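Structural features, examined
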Amino acid sequence: MKNIKLIFSIAILSIALFSFTTINTSTKYKCMVQMTNYVGEGAYVVISLINPDGQYEKTLYVQGDDEEWYNDITEWWKFQGKVRADIDALTGATISGGERAISVIQIEDSKIDAGYSIRFETAVEDQEYYTKDVQFLLTSESVKSKTEGSGFIRYVRLMPN
Amino acid sequence: MTLSIWRYSHLTLAIASFVFVFLATITGIVLAFQPISEQMQPFKIESVNQLDVDQTITTFKNKYPEIINIEVDANQFVSASVITADGTSLNGYFNPKTAAFLGEKPEISTFFKFTTNLHRSLFLKGIGRFFVGLGSFLLFLIAITGSILIIKRQSGIKRFFAKVVNENFSQYWHVVLGRLSLIPIIIITLTGVYLSLLKFDLISEKKQKHTVDFQTTAFAEKQPDTNIFNTTRLTEVVNLEFPFSEDEEDYYILKLKDKEVLVHQYSGQVLSQVDYPMVTFLSNLSLTWHTGKGSIVWSIVLLIACLNILFFIYSGFKMTIERRKNKALPKNKFTKDKAEVIILVGSETGQSYTLATAFYKGVIASGKTVYISDLNSYTTYKNAKQLVVFTSTYGEGEAPINAKNFITLLKSAPQEQTINYAVVGFGSLKYKAYCKYAQMVDASLQLHPNFTPNLQLQKIHNQSQSIFKDWLQQWNTVVGTNVSLVLDNPAIKTKKQQTFKVINKTLLNVDNTFVLQLKPTKKINFKSGDLLAVYPKQDGIERLYSIGKMDNQIVISVKKHEFGVCSTYFNTLQKEDVVNAIIKPNPTFNLPNKTKRAVLIANGTGIGPFLGMINTNPQTEKHLFWGGRTKQSLSLYQKYIDSGLQHNTLSSFNVAFSQEQEEKIYVQDIVAKNAAIITQVLGDDGIIMICGSLAMQNNVLKVLNHITTTKLQLPISFYIDNQVIKTDCY
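In every chain, residue numbers begin from 1 and rise along the written sequence. Each chain is given a letter, starting from A, and each ligand a number, starting from 1, according to the order in which they appear as written. Local features in this predicted model are restricted to residues whose pLDDT is 70 or higher, and side-chain atom pairs enter the listing and the counts only when it is 80 or higher, whereas totals over whole chains, interfaces and linings include all residues. For the side-chain quantities, the full set of heavy atoms in the structure was used; hydrogens and water were omitted.

A separate point is the pairing of strand E9 (residues 153-160) of chain A. Residues and elements named next belong to chain A. When strand E1 (residues 26-35) meets E9, the two strands line up antiparallel, connected through 7 bridges. Note on E9: the bridge partner recorded for Met32 is Arg157. We call two strands paired when DSSP finds no fewer than two bridges between them. The helix and strand labels rest on DSSP assignments: H or I over at least four residues marks a helix, E over at least two residues marks a strand, and numbering proceeds from the N terminus. Across 3 bridges, the pairing between strand E8 (residues 146-148) and E9 is antiparallel. Bridge pairing in E9 links Glu148 to Tyr155. The turn joining E8 and E9, which pair antiparallel and follow one another in sequence, is formed by 4 residues.

Take a look at the structure:
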C-alpha cells in the first residue's frame with residue numbers, strides 16, 4: 001500500500017515535472033543595447049540566434065523598422081531575405097548614437113549551454129556594417145552578463161526575466 | 001517676351017522643380033490623412049493631463065511585475081511595454097489611470113509607408129532625399145519670388161492683402177490663393193529643408209553626455225513628494241525608461257520634450273540632467289509642423305496648402321502657355337534710320353504684342369517703311385516721320401518692364417527732325433491706374449520740342465479690337481495712309497460652341513435696336529449678367545454680349561451698326577434659326593442671391609442683362625433706372641418691365657428720355673433725383689449695377705459720388721473697391 005502511494009505520487013510528480021518542462025521551454029530575457037557616441041543616422045541592430053555551426057537559426061529582434069534598409073545588413077539578409085520570416089512583432093525603432101534600447105527577447109531553454117550563440121549585428125546608413133558587433137555563447141552565466149561591443153554598440157546587457 | 005528678373009526666377013524655379021514638387025505634393029496630400037486617421041483612434045484618455053508621473057508609475061507597478069518603458073506620443077496616447085505576472089509581454093496602448101491594456105499599436109498601413117517613402121526619397125534612398133530636399137528648397141524660393149511679385153503687383157508691401165483685380169481666372173486665383181497659403185507653404189518647405197539637412201548631417205545634433213557619480217548618491221534618502229516624478233505631468237513625458245535591473249546603479253531615464261533626466265530608482269533623486277540643444281528642439285518642431293502629427297487642424301491646413309500647390313502648378317503653367325502665345329515682336333525688314341514709321345511697344349506680359357504686330361504687318365502691307373521695337377530701345381531715328389507708341393501699364397501706373405527707361409532716354413536721345421506721334425494705351429478699366437503710363441508717355445512726348453501729336457491718346461480696354469480699328473481709321477485719315485490690321489485669326493473653337501435656337505426677334509425700332517430671344521438646345525447653367533461669345537464666320541473675332549436670363553431663355557438687346565458684322569448677322573436671324581456661341585460666366589456682373597436690395601442702372605441696350613434680373617430673384621428688392629432717347633425706344637422693353645412690376649420682382653422703374661422734351665434728361669439726372677433710393681440701398685448692404693456706355697458710367701459714377709460723399713460721408717471709390725458697385729460697360 002505504501003508502495004502504491006509512493007509510485008502514485010512519483011508518477012504524479014513526474015507527470016507534473018514533465019509537463020512543466022514541455023510547456024515552459026523558453027524564457028524571456030530583458031536585453032539592453034547601449035550605443036557608443038557615434039555621429040550619424042540611427043543604427044539598425046539585428047539580434048539573431050546562431051546555431052553551433054555558426055549559421056543563423058532565428059531572428060530574435062530587429063531595431064529598425066524600415067524594410068528599405070534591411071538588405072544593407074548583408075549577412076543577416078542572406079538568411080532573412082530568403083526565409084522572410086514574419087518579424088513584424090519583433091521590431092522597434094533604430095537607436096542613435098549614445099542612446100540605449102531595452103527589448104524583450106525570447107530564447108528556448110534548450111538553446112542555453114548547447115553551443116548556440118547570440119549575435120548583435122549593426123549597420124548605419126552610409127557608414128560601416130559590423131556583422132559581429134557583439135556575439136557570445138549562450139550559457140546560464142552569459143545570459144546574466146554584460147558584454148562589450150566592437151562597433152556601434154558599447155555594451156549589451158542580458159537578464160532573464 | 002521680356003520678363004522681370006522676379007517673374008523669370010519664379011518661372012524658372014517652377015520649371016526646374018516641377019517634377020519633385022508635383023510628386024511631393026501628391027504624396028503630401030495622401031500623408032496629410034495619416035495624422036488625421038491616427039487621431040481618430042480610440043486611445044485618447046480623458047483628463048490625462050491631471051496625472052503625474054509618480055501616480056502612473058505606481059499604477060503600472062501594482063499591476064505588472066516588469067515594465068520596460070512608458071511612452072506618450074504626439075496624440076497623447078500612452079503606450080508601454082510590460083511583462084505580465086504570467087510572463088507574457090504586452091506592447092501597445094494602455095490607460096494610464098488604470099494601467100489596463102487597450103490594444104496593440106496598429107501597424108502603419110503599407111500604403112502610408114509606401115507613400116512616406118516616395119515622399120521623402122522617391123525610393124532612391126540618399127539621392128532621392130537630396131532631390132526632394134532640393135525641390136523643397138526651390139519651392140521655398142518660388143514662394144519668396146511669388147511674394148515679391150505680389151508686392152510689386154500690389155505696389156507696396158502694405159497693400160499685400162489689398163483686393164486683387166480679377167482679370168483672368170488663373171491669374172486671379174494664383175495670386176489670391178498664393179497669399180493665403182504663403183505661410184503654410186513657407187513652413188512646409190523650410191521644415192522640409194531642415195529635415196533633409198538633418199539627414200545629411202549638415203546640421204548635427206550634439207547631445208551632452210550624462211555623468212553620474214554613484215559615490216555620492218549611493219546612500220541617498222528617498223525624497224518623498226518633492227522628487228521629479230511628483231512634479232512632472234504625464235503629458236510632458238516623451239519616454240520613461242524603467243531601470244534595467246534592481247541594481248542600485250540602474251536608473252530611470254526620463255525623456256521630456258526639452259531635456260533628459262536620469263533618476264535614481266530608489267531615492268527619486270536626479271542623478272544627471274541634460275538639456276536638449278536648440279537643434280533637437282528645432283528638429284522636433286520641424287517634424288511636428290511638417291507632418292501635422294498630433295493636430296487635426298494643422299493637418300487640414302497642410303492638406304489645403306498641398307491642394308493649393310497643385311492648383312499653382314496648373315494655373316502657373318496655364319498662364320505661361322497663354323503668354324508664350326503672345327510670342328515676341330516680329331523681325332524688322334528695315335533699319336531704324338531708314339524707316340518712316342516707328343512703332344514702340346511697352347508690355348509687361350506680351351499681351352500688347354498681338355495688336356502691335358498686326359499693325360506692323362499692316363503698315364508693311366501698305367508699302368511704308370517701318371521699324372518696330374520696345375520702348376526701352378528708344379534712340380535716334382533719322383528718317384522717321386511717324387511715331388506710334390503702344391503701351392500697357394504695370395501695377396499702380398508704373399512702366400511695364402520693357403519701357404522702364406523710355407522717359408529718361410527720351411531726354412537723352414535727340415531727334416534731328418520733328419516727328420508726329422500717337423499713343424495707344426492698353427489696359428483694363430478694372431484698375432484704378434487705367435492706362436496711366438500711356439498718359440505719362442503721351443505727356444512726355446508732348447513736352448518734347450521734336451514731337452507733335454497727330455492724334456489724342458487712345459485708351460483701349462481689354463485689347464478691344466473694334467476700338468483699335470476705330471483708332472486705326474482715325475490714324476489713317478490723319479497720316480494719309482490706308483493701313484488695315486493683319487491679324488492671325490485665332491482658330492475658332494467650333495467644338496466648344498453650343499447651339500441656340502432663335503425663339504423670337506423683334507423688328508428694328510427707331511434707334512436701330514432689337515431684342516433677340518434664344519434658347520439653348522441643351523441644358524446649360526447660366527445667369528443674367530453672363531456673356532454670350534459669338535464668333536461670326538466673316539472674321540472669327542469674338543464678340544461679347546451681356547445676356548439676361550428669363551425662363552431659361554437668353555435675352556439680348558442689340559443695336560444694329562451699319563458695318564457691324566455681328567449685329568447685322570443677328571438682325572438677319574429668324575425664328576427657329578440656330579446660332580453657335582459660348583456662354584462665358586461673368587460672376588462679377590451677376591446679381592448675388594443673398595442681396596436684399598439692388599439698384600440697376602442702364603442706358604440704351606445696356607438694359608439687356610437687367611431684363612432677366614427684373615423678372616427673377618424675387619428675394620431682392622430691385623429699382624431699375626433706364627435712359628433712352630424717346631418713348632418709342634422704351635416700347636421694345638415694355639413687356640419685360642410690366643411683367644416684372646406685375647410679379648413684384650421689380651419694385652420701381654424710373655425712366656429718362658433725352659429727346660422727348662427740350663431739356664435733355666439723362667439717366668444720371670433721374671438717379672440724382674432719387675438719391676433716397678441710393679442711400680437706402682447702400683445703407684442696407686445692397687448693391688448697384690451699371691450697364692451701358694462708358695460715358696454713361698462715368699456720369700452716373702459722378703452723381704453717385706456726390707450722393708455718397710454728402711449723404712454717407714464715403715467716396716464712391718470705397719463702394720467700388722468693395723464690389724458694391726458692379727459695372728459692365730463698353
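Residue and element names in this part refer to chain A. An order of E4-E3-E2-E6-E7 is seen for the 5 strands of this open sheet, with the pairing classed as mixed. Lying at the two open borders of the sheet, with one neighbouring strand each, are strand E4 (91-92) and strand E7 (129-137). Alignment of strand E2 (residues 44-50) against strand E3 (residues 56-63), held across 6 bridges, turns out to be antiparallel. Looking at E3, one finds that Val46 is bridged to Val62. Residue contacts follow a heavy-atom distance rule, with two residues in contact if any of their heavy atoms lie within 4.5 Å. Axis definition: a line fitted to C-alpha atoms, limited for helices to the stretch in contact. Angles are taken between N-to-C directions and run from 0 to 180 degrees. Of the strands in this sheet, E2, E3, strand E6 (117-123) and E7 touch helix H2 (residues 74-83), which is tilted by about 115° from E3.

Turning next to the packing of aromatic side chains. Any two rings among Phe, Tyr and Trp, with Trp reduced to its six-membered ring, count as a pair given centres within 6.5 Å; such a pair is stacked if its planes are under 30 degrees apart, edge-to-face if over 60, and tilted if neither. Summed over all chains, the structure comprises 46 aromatic pairs over all chains. Seen in terms of ring centroids, Trp626(B) and Tyr637(B) are 5.5 Å apart; in terms of plane orientation they differ by 75°. Their pairing is edge-to-face. In this pair, Trp626(B) is assigned in strand E23 (residues 621-628) and Tyr637(B) in helix H18 (residues 631-646), connecting sequence segments 11 residues apart. Residue Trp626(B) is classed as buried on the basis of its relative accessible area, which comes to 1%. The exposure class of Tyr637(B) is buried, given its relative accessible area of 2%. Through a chain of ring-to-ring contacts, the aromatic side chains of Phe359(B), Phe390(B), Phe426(B), Phe468(B), Trp471(B) and Trp475(B) assemble into a single cluster. For the cation-ring pair, Lys30(A) lies above Phe244(B), with the distance from its terminal atom to the ring centre recorded as 5.4 Å. As a reminder, the over-ring test applies to NZ of lysine and CZ of arginine, requiring each to be within 6 Å of the ring centre and within 35 degrees of the ring normal. Positioned above the aromatic ring of Tyr116(A), the side-chain terminus of Lys111(A) is 5.2 Å from the ring centre. Burial here depends on accessible area, computed with a 1.4 Å probe over protein chains only, as a share of the maximum for the residue type. Under 20% is buried, over 50% is exposed, and the range in between is partly exposed.

The subject of this paragraph is the confidence of the model for chain B. Parts of the model with low pLDDT should not have their predicted coordinates read in detail. Residues and elements named next belong to chain B. Per residue, pLDDT measures the predictor's confidence, with a range of 0 to 100. Residues at a pLDDT of 70 or more form 95% of chain B, whose mean pLDDT is 86. Ranking the helices and strands of chain B by mean pLDDT puts strand E11 (residues 386-391) first, with 93, and helix H8 (residues 214-217) last, with 62. Overall fold confidence (pTM) sits at 0.62, and the ipTM for the predicted complex is 0.72.

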